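Secondary and tertiary structure notes
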Amino acid sequence: MKPKYKRVLLKLSGEALMGEKGYGIDQKIVQFISKEIKEVSSLGVQLAVVIGGGNIFRGLEASSEGMERTTADYMGMLATVLNALALQNALEHRGIPTRVLSAIEMRELAEPYIRRRAMRHLEKGRVVIFAAGTGNPYFTTDTAAALRAMEIGAHVILKATKVDGVYSSDPLKAPRAKKFPEITFIDVLKKGLKVMDSTAVSLCMDNNLPIIVFNLMGKGNVKKIIEGKKVGTLVRG
């Protein structure tokens, strides 16, 4: 089957990597994600990934407890590098060529982020993992995902979550919450729905870049989306 999307950006939260552990990296989850990515790369799709760092360090929480915000945010960016290296290792074990590109230079661990280099890796069939957010404090990894997706010309952002789409309120706390099969960027912002942070949603809205919100742990979900099947919630203009 011909994929609907040729180039995609997958946004993973750091919390997704910790599974049931409550902290750190659960190798079972990393292996599951790497298997899902392998299925997609076998379709000839160009795939980039942005991972958060919340399983290791949350900059916002630390700043609310008295740490200087800039320092806390930089620490959060370093946490995303740890996650990126863990995922790279799992992907390469499955025979998938992978490159980590970091917005903060650390030559021994990752390549520096250069847009043209990222594009070249994708064209050669490598999975590209963008680490260290945007490289700037005060910006989340959601915003980094939106920014990188636009820089590389991605056709869609796949936002992996714990639930199977966008709901009127948290379905884990409110069983009667209504699921939206499709919703506009404006409605997401007006209703204050937690799809991605408002900066990321606004960036996608201004540049007409759709977001698909789906359940990461649904087996084969990433592949189904790329094949054009209806999974999760489509957010668009």
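As shown above, the structure is provided for reference.
Structural notes, computed from the coordinates. Nothing here was measured: the structure is a model prediction, and the numbers come from that model. (Residues numbered from 1 in each chain as written. Predicted model: local features only at pLDDT ≥ 70, side-chain atom pairs only at ≥ 80, totals over all residues. Heavy atoms only, no water.)

Next up on the list: the overall build of the chain. Across its full length, the chain holds 9 helices and 11 strands. Computed over its C-alpha atoms, the radius of gyration of the chain comes to 17 Å, within 12% of the 18 Å expected for a compact globule of 237 residues. Overall size of the chain, expressed as C-alpha extent along the three principal axes, is 50 × 50 × 35 Å. Taking all 237 residues of the chain together, the buried fraction comes to 51%. Here the contacts in the chain between residues at least 6 apart in sequence split such that 72% fall between residues at least 24 apart. In the form shown here, the chain has an accessible surface area of approximately 11,600 Å², with 51% of it arising from carbon and sulfur atoms. Across the chain, the centroid of the 36 positively charged side chains sits 7 Å from that of the 23 negatively charged ones. (Helix = DSSP H or I, 4+ residues; strand = E, 2+ residues; numbered from the N terminus. Rg over C-alpha atoms; globule rule 2.2 N^0.38 Å. Buried < 20%, exposed > 50% of the residue type's maximum accessible area, 1.4 Å probe, protein only. Contact = heavy atoms within 4.5 Å. Areas by Shrake-Rupley, 256 points an atom, 1.4 Å probe, with all protein chains shown as cover. Lys, Arg positive; Asp, Glu negative; His and termini not counted. Charge placed at Lys NZ, Arg CZ, Asp CG, Glu CD.)

Below, the discussion takes up the packing of aromatic side chains. The description of an aromatic ring pair rests on the distance of the ring centres and on the angle between the ring planes. Per the stated rule, a full pass over the model turns up 1 aromatic pair. Plain terms: the ring middles of tyrosine 113 and phenylalanine 130 are 5.5 Å apart, the flat faces sit at 80 degrees to each other, and that makes the pair edge-to-face. Residue tyrosine 113 is found in the loop between strand 4 (111–112) and helix 5 (115–123), and its partner phenylalanine 130 is found in strand 5 (residues 127–131); the two are separated by 17 residues along the sequence. Overall, the relative accessible area of 4% leaves phenylalanine 130 in the buried class. Directly above the ring of tyrosine 113 sits arginine 148, whose terminal nitrogen or CZ lies 3.7 Å from the centroid. A cation over a ring is seen here: arginine 148 above phenylalanine 130, with NZ or CZ 5.9 Å from the ring centre. (Phe/Tyr/Trp six-rings, centres within 6.5 Å; stacked < 30°, edge-to-face > 60°. Lys NZ or Arg CZ within 6 Å of the ring centre and 35° of its normal.)

It is worth spelling out the pairing of strand 2 (residues 46–51) at this point. Where burial is concerned, most of strand 2 is hidden: 6 out of the 6 residues are buried. Side chains Gln46, Ala48 and Val50 project from strand 2 onto one buried face, and the interleaved Leu47, Val49 and Ile51 project onto a second face that is buried too. For strand 2 and strand 5, the ladder comprises 3 bridges, and the chain directions are parallel. The residue of strand 5 that forms the bridge with valine 50 is phenylalanine 130. (Pairing = 2+ DSSP bridges.)

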